[in-house]
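The primary structure of each chain is shown beneath.
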Amino acid sequence: MSESSTSAADGPDQAASPFRDRLAFDLDVDICVVGAGLAGLTVAREAARLGASVAVLEGRQIGWNASGHHLGTVMPGFGLPISDVIERVGLDDARELWALSKEGADYVRATATEDLIPGIKPSDGALEVSNVDVGEALIGRLQTLGEDFATEVEGWQVDRVRSVLRTGRYFHGIYYPKAFQIDGRKYVHGLAALAMRAGVRIFEETPVVSIDFSGIRKRIVTPTARLRANHIVLAGNIHLGAPLKRLSDTLLPVWRYAALTEPLGERLAESIAFPGSVVDSDGIDHFRVVDGDRLLWASPETTWNARPERLGAAVQRRVATVFPQLGKVPVAEMFGGAVGVTVHGMPQIGQLRRGLWVASGFGRQGLNTSALAGQLIARSILWGDDRWRLFSPFELVWAGGTTGRVAGHFVSLWARGASSVAGVLARYREGARAKERLREARLAEANLRAGTRGPALRRPPPSAVRPARPPAPRQIEDGEAAYPDASQESERISDGRM
Ligand SMILES: Cc1cc2nc3c(=O)[nH]c(=O)nc-3n(C[C@H](O)[C@H](O)[C@H](O)COP(=O)(O)OP(=O)(O)OC[C@H]3O[C@@H](n4cnc5c(N)ncnc54)[C@H](O)[C@@H]3O)c2cc1C
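Keep in mind that what you see is a predicted model, and the values were worked out from it rather than measured.

Caption draft 1: A look at the overall build of the protein. Looking only at helices and strands, the protein features 12 helices and 17 strands. Out of the 498 residues in the protein, the part that is buried amounts to 46%.

Caption draft 2: Representation of the site of the ligand. Contacts to the ligand come from 44 residues, most closely from Gly35, Gly37, His70, Gly236 and Gly366. At the level of elements, α1 (38-49), β11 (251-261), β15 (331-342) and α10 (367-383) are the ones that each hand at least two residues to the shell around the ligand. Residues belonging to the shell around the ligand are distributed by class as follows: 19 nonpolar, 21 polar and four charged.

Caption draft 3: Representation of helix α6 (residues 184-197) in the model. When the terminal C-alpha atoms of α6 are compared, their 20 Å separation across 14 residues agrees well with the 20 Å that a helix rising 1.5 Å per residue should span. Burial runs high along α6: 10 of the 14 residues are buried. Within α6 the residues assigned to the buried category are Gly184, Arg185, Lys186, Tyr187, Val188, His189, Gly190, Leu191, Ala192 and Ala195. For α6, the secondary structure elements touched by its buried residues are α1, α3 (91-111) and β7 (201-203). One or two positions beyond α6, positive phi appears at glycine 199, with a value near 110 degrees.

Caption draft 4: Region of interest: the packing of α1 against α6. In contact at an axis separation of 9 Å, α1 and α6 are set at 25 degrees when each is read in the N-to-C sense. Between α1 and α6, the crossing angle belongs to the class labelled roughly parallel. Along this stretch, α1 crosses α6, giving a crossing that reads as left-handed. For the pair α1 and α6, contact is made by Leu38, Leu41, Thr42, Ala44, Arg45 and Ala48 and by Val188, Leu191, Ala192, Leu194 and Ala195, respectively. Broken down by class, the residue content of the contact of α1 with α6 amounts to nine nonpolar, one polar and one charged.

Caption draft 5: Just the environment of leucine 191, in detail. Structurally, leucine 191 can be placed in helix α6. Remark: the alpha-carbon pair of leucine 191 and leucine 41, spanning 150 residues in sequence, is separated by 6.6 Å. If near-sequence neighbours (up to four positions away) are discounted, leucine 191 is found in contact with Leu38, Leu41, Thr42, Arg45 and Thr111.

Caption draft 6: Up close: helix α9 (residues 312-322). Taken together, the buried positions of α9 are Val315, Val319 and Val322. For α9, the arc enclosing every buried residue in end-on projection is 70 degrees, short of the 170-degree limit, so these residues lie on one face. Buried residues along α9 sit against β11, β14 (294-302) and β15.

Caption draft 7: Looking closely at the packing of α3 against α10. Two elements in contact, α3 and α10, have axes separated by 7 Å at closest approach and are oriented at 95 degrees. Of the possible angle classes, the one that applies to α3 and α10 is roughly perpendicular. Within the contact between the two elements, α3 uses Leu100, Ser101, Glu103, Gly104, Ala105, Tyr107 and Val108 and α10 uses Leu367, Asn368, Thr369, Ala371, Leu372, Gln375 and Leu376. Taken together, the residues of the contact of α3 with α10 sort by class into eight nonpolar, five polar and one charged.

Caption draft 8: Just the pairing of strand β12 (residues 277-280), in detail. Alternating residues of β12 divide into Ser277 and Val279 and Val278 and Asp280, and every residue in both groups is buried. Pairing analysis gives four bridges linking strand β4 (residues 123-129) to β12, with the strands arranged parallel. Looking at β12, one finds that valine 129 is bridged to aspartate 280. The loop that links β12 with its antiparallel partner strand β13 (residues 286-290) comprises five residues; one of these, glycine 283, has a positive phi angle of about 70 degrees.

Caption draft 9: View of the environment of glutamate 301. Tracing the backbone through its elements, the reader meets glutamate 301 in strand β14. Under the C-beta neighbour-count criterion, glutamate 301 is labelled buried, with 23 such atoms within 10 Å. Placed 45 residues apart in sequence, glutamate 301 and arginine 256 show a C-alpha to C-alpha distance of 4.5 Å.

Caption draft 10: Main features of unusual backbone geometry. Even without being glycine, alanine 150 reaches a positive phi, approximately 45 degrees. Within the fold, alanine 150 resides in the loop between α4 (135-148) and β5 (154-156).

Caption draft 11: The arrangement of the environment of leucine 80 in detail. Residue position: leucine 80 is located in the loop between β3 (73-74) and α2 (82-89). For leucine 80, a count of 19 C-beta atoms within 10 Å corresponds to the partly exposed category. Each C-alpha atom, one on leucine 80 and one on glycine 363, is 9.8 Å from the other, the two residues being 283 residues apart in sequence. Apart from the residues within four sequence positions on either side, leucine 80 is in contact with Val85, His344, Gly345 and Met346.

Caption draft 12: Molecular detail of the pairing of β13. Where burial is concerned, most of β13 is hidden: five out of the five residues are buried. Alternating residues of β13 divide into His286, Arg288 and Val290 and Phe287 and Val289, and every residue in both groups is buried. Pairing of β12 with β13 involves two bridges; the strand directions are antiparallel. Across the sheet, valine 279 pairs through a bridge with histidine 286, a residue of β13. Pairing analysis gives five bridges linking β13 to β14, with the strands arranged antiparallel. Bridge pairing in β14 links valine 290 to arginine 294. Where β13 hands over to β14, the hairpin turn is made up of three residues, of which aspartate 291 adopts a positive phi near 50 degrees.

Caption draft 13: The arrangement of the confidence of the model for the protein in detail. Across the protein, pLDDT averages 84, with 77% of residues at or above 70. Overall, residues 1-16 carries pLDDT values under 50, and its contacts beyond four positions in sequence, including any with other chains, amount to 45 contacts.

Rules used in this analysis
- Per chain, residues are indexed from 1 in the order of the written sequence.
- Two thresholds apply to this predicted model, a pLDDT of at least 70 for residue-level local features and 80 or more for giving and counting side-chain atom pairs, whereas whole-chain, interface and lining totals are computed over all residues.
- Strands here are runs of E lasting at least two residues and helices are runs of H or I lasting at least four, both read from the DSSP assignment and numbered beginning at the N terminus.
- In this scheme every C-beta is placed from the backbone, and a residue whose C-beta has 20 or more other C-beta atoms within 10 Å is buried, one with 12 or fewer is exposed, and one in between is partly exposed.
- For each residue, a C-beta position is placed from the backbone atoms; the residue is near a molecule or strand when that point lies within 6 Å of it.
- Residues are sorted three ways: Asp, Glu, Lys and Arg are charged, Ala, Val, Leu, Ile, Met, Phe, Trp, Tyr, Cys and Pro are nonpolar, and all the rest, Gly among them, are polar.
- Expected helix span is computed as 1.5 Å times (number of residues minus one).
- Here, residue contact means that the backbone-derived C-beta atoms of the two residues sit within 7 Å.
- Axes here refer to lines fitted to C-alpha atoms; in helices the fit is confined to the stretch in contact. Angles between the N-to-C directions go from 0 to 180 degrees.
- Angular relationships are summarised with four words: roughly parallel below 35 degrees, roughly antiparallel beyond 145, roughly perpendicular across 65 to 115, and oblique for the angles in between.
- Here is the rule for handedness: rotate from the far helix to the near one, and if that takes an anticlockwise turn smaller than a right angle the crossing is left-handed, while a clockwise turn gives right-handed.
- In this context, the arc is that of the directions from the helix axis out to the C-beta atoms.
- One requirement defines pairing of two strands: DSSP has to find at least two bridges between them.
- Per residue, pLDDT captures the predictor's confidence, and it can take any value from 0 to 100.

Printed below as a string of structure tokens:
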């Protein structure tokens, strides 16, 4: 069973940082980062390693939101399915984006070692399972990931999936041997310590209330002090607020909750024998076994901020739905955080205007993507690496304000409902197929005994129609810019128009 654990089980922030100072004096730095979550800390650490003087201003405490309350699963890719990325930007750019997402995962792997962050307990392997019986689609995805995107993946047939996950709800699976998981809370505090070691100054309880980004030296105002910097990186996720409200408005906030159960004993291994993370292809359930016989399970979501304890029963219901044999599992702890989801599903990474950068919108898959953002932005500022422009086609789009939240909630309910109906249908069809096979076998046996031929056995439907390959990338016409200038978007934001 998995050796992984989560310090979420250890109660309130035992790994809490010693960097509690709030900024109480004026300061001049090269780079000011707003927000000490995964994104802000990675960009700060990388910029300091490249020689810049960096200050991080955190309104509350390091990792108090999603960055300190996640499941620690690190996979390549983005929240947006790769087929949609290809459709949007073409195969070549999609390949480059995917390669960046793998670099992000590699960054976490290289950082989350026992040497650098003691107690981080990395362990290998993740399995993406399908709620519906879609073997053909799986072949297509395996081909795209393995051949076009050079990612190590294995296709698992239904029997193999069910030999490690004893439930009739899952069908085929894609196994990612290079994916891994770590202790989520330890990671964000370890990252902060490594950033400090690289020379970053972190100030907690220091909300940024306004920014004047005109001019080369930009001015950042906090309740107790002012800062001047050549570059500002906005890594505040949905809580950024006043400094650039129109940027926060491009994110749909989604609160996601998770439970850690009490030890469940041997019965857990009888139901779940897979040692890594399991995610379903509809993004509904995400779980893994920790500490030998405890279950870490993320599932419910809201578009408002609810107290995690109130969602315990919802997790218990999900676990009992997927693994009825486990019954009502006793919950030891609930936790959760808000993720920022963009309208197009891709993160916001890039330069909004000269010296003003954004790293947010990482959604439910924030570990590899925030790491890639951190590396990319630090290298862009200090080395002139402009690969962030690959994200330019995914513009800043207003998420719809309160109406958008309500709509988002219903869309999410509908999507979850639709995938659950699809799951029921898939299971029904599977049962019907099994009954049909049994009936035909009995008929054949009866005919054999009676010496009659009987009707010809029904052929299975034509198998494995290969899905069409993704469309070829759109050719860029002569004279057409490969990447529209993202800073134009920011001018619109700062002008107060979208
Ligand atoms: C239950 C759950 C499970 C998850 N599991 C996984 C997983 O297994 N794998 C994975 O890849 N991802 C997972 N995620 C997603 C991942 O946690 C997030 O995408 C990621 O943490 C986002 O990081 P961030 O730095 O953008 O945001 P945050 O963690 O929100 O950090 C932003 C910080 O900025 C600060 N801030 C905002 N505005 C200001 C301001 N004006 N002044 C100063 N400071 C400010 C905030 O206080 C906050 O601390 C999960 C999320 C949840 C909730």
